[in-house]
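A look at the structure
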Amino acid sequence: MEKQPQEVVLIGAGIMSATLSILLKKINPAIKISVFEKLDKIGFESSDAFNNAGTGHSAFCELNYTPIDKNGNVNIDKAINIAKQFETSKEFWSYLVENNYVSSPEKFLRPTPHMSFVWGEDDVNFLRKRYEKLSQHPLFKDMEYSEDFAKIKEWAPLIVNGRNESEKVAATHMNLGTDVNFGELTRQIFQGLKNKNEITLETEHEVKDLTRLSNGKWAVKVKDLKSGNNKAVNADFVFIGAGGGAILLLQKSGIPESKKFGGFPVGGQWLICQNEEVIKQHHAKVYGKAKIGAPPMSVPHLDTRVIDGKQSLLFGPFATFSTKFLKYGSNLDLFKSVNLGNVGFLMNCGLNNIDLTKYLIEQVMLSKAKKVESLQEYLPEAKLDDWFEQTAGQRVQVIEQQDGKGTLKFGTEIVTSQDGSMSALLGASPGASTSVSAMLNLMKQCFPDLMKNDWNDAIKTMIPSYGEDLGQADLIEASRARTTKVLKILE
């Protein structure tokens with residue numbers, strides 16, 4: 001029989017660690033949880049509002065989740081899977097609101113319609129096919145589609161103003177969309193845990209090493225960055241949720257599973273408009289199609305965002321390059337991650353992804369004026385002076401060794417030791433939006449017997465649909481009726 005984890009160390013105070021903390025604490029109130037964060041603030045790396053897309057990735061508008069094959073067939077499997085996971089996240093967040101772990105939901109979540117927008121005959125045909133398939137599924141039954149200028153203008157006037165009406169355009173619209181500030185949600189969850197004395201959280205504490213002890217536990221070497229003192233904390237379970245920095249810590253653990261992973265950093269930059277005359281005319285998240293070779297985090301989108309109470313309009317992200325694995329990381333991160341064990345498959349991956357390399361070089365060379373030209377494809381009347389550039393987050397695209405070759409992984413990857421005593425989360429999109437499902441999957445990998453038996457009822461208390469298929473119409477309707485009301489999603 002599997003033993004309940006008693007001492008847990010979580011590395012990184014982001015949305016993943018916050019989510020896992022609640023899940024473990026509600027399952028086993030006696031568990032001791034220690035969270036260590038390198039920065040002096042909580043949720044200011046990958047979870048921070050300006051560092052992620054904040055879309056609430058529900059697959060309503062993200063076209064890269066519905067690929068089209070060479071025969072013109074649109075595959076909606078990934079979109080359905082992500083949509084289910086986002087509904088699971090909403091159930092969990094509703095539990096947090098109802099149990100006073102977070103305060104008023106409008107501080108981290110706001111109703112914001114999700115749209116897809118394309119132009120040109122080929123892409124219009126693609127979007128029509130996508131709509132026809134998705135709208136048959138209960139998760140997407142409220143999706144609207146139009147090729148009519150007047151209708152699209154009702155939804156988002158700025159994307160058609162100044163456009164030639166003879167141009168072939170199309171858009172889909174989902175009123176159930178959201179804008180999520182994951183940095184704010186992370187801070188509220190940790191504050192709720194601290195208020196209830198359910199965890200120990202220390203900022204400005206950097207995990208320097210991980211060593212497996214003879215008794216099976218992990219010795220976690222932690223440095224207090226203010227005092228310079230080191231300490232060792234023992235744990236029977238360790239979670240590495242350190243964003244892009246997770247790969248370096250995973251390598252330090254020495255577990256065999258770490259040897260088949262490497263990473264390549266990709267940064268981002270937004271164009272931001274805070275001209276009230278402009279932003280008051282747009283209330284939606286509008287996603288387009290990615291250019292050839294672009295990583296998922298670079299899918300262009302024109303987003304209404306409310307961050308710290310201030311509304312802005314964001315466009316991008318444009319890709320940037322840095323050798324850092326974290327926004328506040330070291331320029332040596334990439335070089336530290338390369339070793340004799342992974343250099344071969346990393347180089348192989350680079351040679352097999354010339355399109356990505358070409359795309360990154362082109363993006364890095366773009367001037368602000370050229371970026372605004374890209375924006376004008378979505379917002380024809382955009383003016384250079386209304387927009388400024390701001391650095392977004394830093395992501396590490398995961399490269400996994402498969403059959404001796406390096407394969408680029410565009411998603412969220414969980415790496416777990418064979419005995420389940422250590423797990424790390426790597427990757428990017430859909431990331432934070434599916435954090436609840438990601439942590440449940442992690443727990444299934446690390447504690448399979450406990451998840452099947454002892455923990456099942458406690459999880460269903462937090463997530464009523466747990467263990468059921470959220471693709472069923474009646475279940476979706478009941479779940480959304482609750483979460484829409486508790487989270488105040490539809491105004």
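Before going into details, it helps to say that this report is about the structure given with it. (Residues numbered from 1 in each chain as written. Predicted model: local features only at pLDDT ≥ 70, side-chain atom pairs only at ≥ 80, totals over all residues. Heavy atoms only, no water.)

With that settled, the discussion passes to the sheet that holds strand β18 (residues 405-409). Strand-to-strand pairing in sheets goes through backbone hydrogen bonds, with the strands running parallel or antiparallel. One open sheet accounts for nine strands, arranged β5-β6-β4-β14-β15-β16-β13-β17-β18; its pairing is mixed. Where the open sheet ends on each side, the last strands, each with one partner, are β5 (144-146) and β18. Shown here is a sheet whose adjacent strand axes are inclined to one another by a mean of 30°, direction ignored. With six bridges connecting them, strand β4 (residues 114-119) and strand β6 (residues 169-174) associate as antiparallel partners. If you follow V118 over to β6, its bridge partner there is A170. (Pairing = 2+ DSSP bridges. Helix = DSSP H or I, 4+ residues; strand = E, 2+ residues; numbered from the N terminus. Axes fitted to C-alpha atoms, helices over the stretch in contact; angles between N-to-C directions.)

Moving on, we get to the side chain of S479. Position of S479 relative to the elements: it lies in helix α15 (residues 473-486). With sequence-adjacent residues up to four places away left out, S479 is seen in contact with E91 and L470. (Contact = heavy atoms within 4.5 Å.)

Evaluated as defined, the whole model comprises 12 aromatic pairs. Ring centres of W93 and F182 lie 5.9 Å apart, and the angle between their planes is 65°; on these two criteria the pair is classed as edge-to-face. With a gap of 89 residues between them, W93 in helix α2 (residues 77-98) and F182 in helix α5 (residues 182-195) connect regions that are remote in the sequence. Each member of the pair, W93 as well as F182, is classed as buried. By the ring-pair criterion, three or more aromatic residues cluster together here, those being F117, W119, F315, F318 and Y378. When the ring centre of W119 is taken as origin, the NZ or CZ atom of R163, which lies over that ring, is 5.5 Å away. Just above the ring of F126 sits the side chain of K289; from NZ or CZ to the centre is 4.6 Å. (Phe/Tyr/Trp six-rings, centres within 6.5 Å; stacked < 30°, edge-to-face > 60°. Buried < 20%, exposed > 50% of the residue type's maximum accessible area, 1.4 Å probe, protein only. Lys NZ or Arg CZ within 6 Å of the ring centre and 35° of its normal.)

For the rest of this paragraph, the subject is the pattern of salt bridges. Side chains that differ in sign of charge can pair as their charged atoms come close. Considering all chains together, one arrives at 25 salt bridges under this definition. E154 is paired through a salt bridge with K151; the nearest N and O atoms lie 3.4 Å apart. Here the residue E154 and the residue K151 both occupy positions in helix α4 (residues 149-155), the gap between them amounting to three residues, near one helical turn. For K151, a relative accessible area of 27% puts it in the partly exposed group. R163 serves as the salt-bridge partner of E167, at 3.5 Å between the closest nitrogen and oxygen. Among the residues examined, R163 registers a relative accessible area of 11% and is labelled buried. One salt-bridge network, held together by shared partners, links D179, K285, D303 and R305. (Salt bridge = Lys/Arg side-chain N within 4 Å of Asp/Glu carboxyl O.)

Below, the discussion takes up the packing of α2 against α15. The N-to-C vectors of α2 and α15 enclose an angle of 50°; their axes lie 9 Å apart at closest approach. With respect to each other, α2 and α15 are oriented oblique. For the element pair α2 and α15, the recorded crossing hand is left-handed. From α2, E87, K90, E91, S94, Y95, V97 and E98 reach across to α15, where they touch S479, R480, R482, T483 and V486. (Parallel < 35°, antiparallel > 145°, perpendicular 65-115°, else oblique. Left-handed = near helix turned anticlockwise from the far one by under 90°.)

So, on to helix α1 (residues 15-27). For α1, spanning 13 residues, the distance from its first C-alpha to its last is 19 Å, which sits close to the expected 18 Å at 1.5 Å a residue. Most of α1 sits inside the fold, with 12 of its 13 residues counted as buried. Every buried residue of α1 is accounted for by I15, M16, S17, A18, T19, L20, S21, I22, L23, L24, K25 and I27. (Expected span 1.5 Å × (residues − 1).)

Both strand β10 (residues 218-224) and strand β11 (residues 230-235) contribute to a ladder of six bridges, which runs antiparallel. Each bridged residue has a counterpart across the sheet, and for V222 the counterpart in β11 is K231. What sits between β10 and β11 in their antiparallel hairpin is a turn of five residues, with G228 showing a positive phi close to 85°.

The α-helix advances 3.6 residues per turn, and as a result positions three or four apart in sequence lie on the same side. Relative to the 20 Å expected for 14 residues at 1.5 Å per residue, α5 spans 20 Å between its end C-alpha atoms, a close match to the ideal helical length. Those residues of α5 that are buried lie in contact with α1, β2 (32-36), α2, β7 (178-180) and β8 (200-202). Where α5 begins, the side chain of N181 points an oxygen toward the backbone nitrogen of G183, at a separation of 3.2 Å. Just beyond α5, the residue with positive phi is N197, at close to 55°. (Polar contact = N/O pair within 3.5 Å; in protein donor to acceptor, adjacent residues only side chain to side chain.)

Moving on to the packing of α2 against helix α12 (residues 435-446). Look at α2 against α12: their axes get within 7 Å of each other, and the N-to-C directions meet at 95°. Judged by the inter-axis angle, α2 sits roughly perpendicular to α12. Together, Q85, T88, S89, F92 and W93 of α2 and S435, V436, S437 and L440 of α12 make up the contact between the two elements. Here the contact of α2 with α12 is composed, by residue class, of four nonpolar, five polar and no charged. (Nonpolar A, V, L, I, M, F, W, Y, C, P; charged D, E, K, R; others polar.)

Here the residue pair G316 and P317 is connected by a cis peptide bond, since its omega of -5° sits within 30 degrees of zero. Relative to the elements of secondary structure, P317 occurs in strand β16 (residues 310-320). A positive phi is found at K488, a non-glycine position, where the angle reads about 60°.

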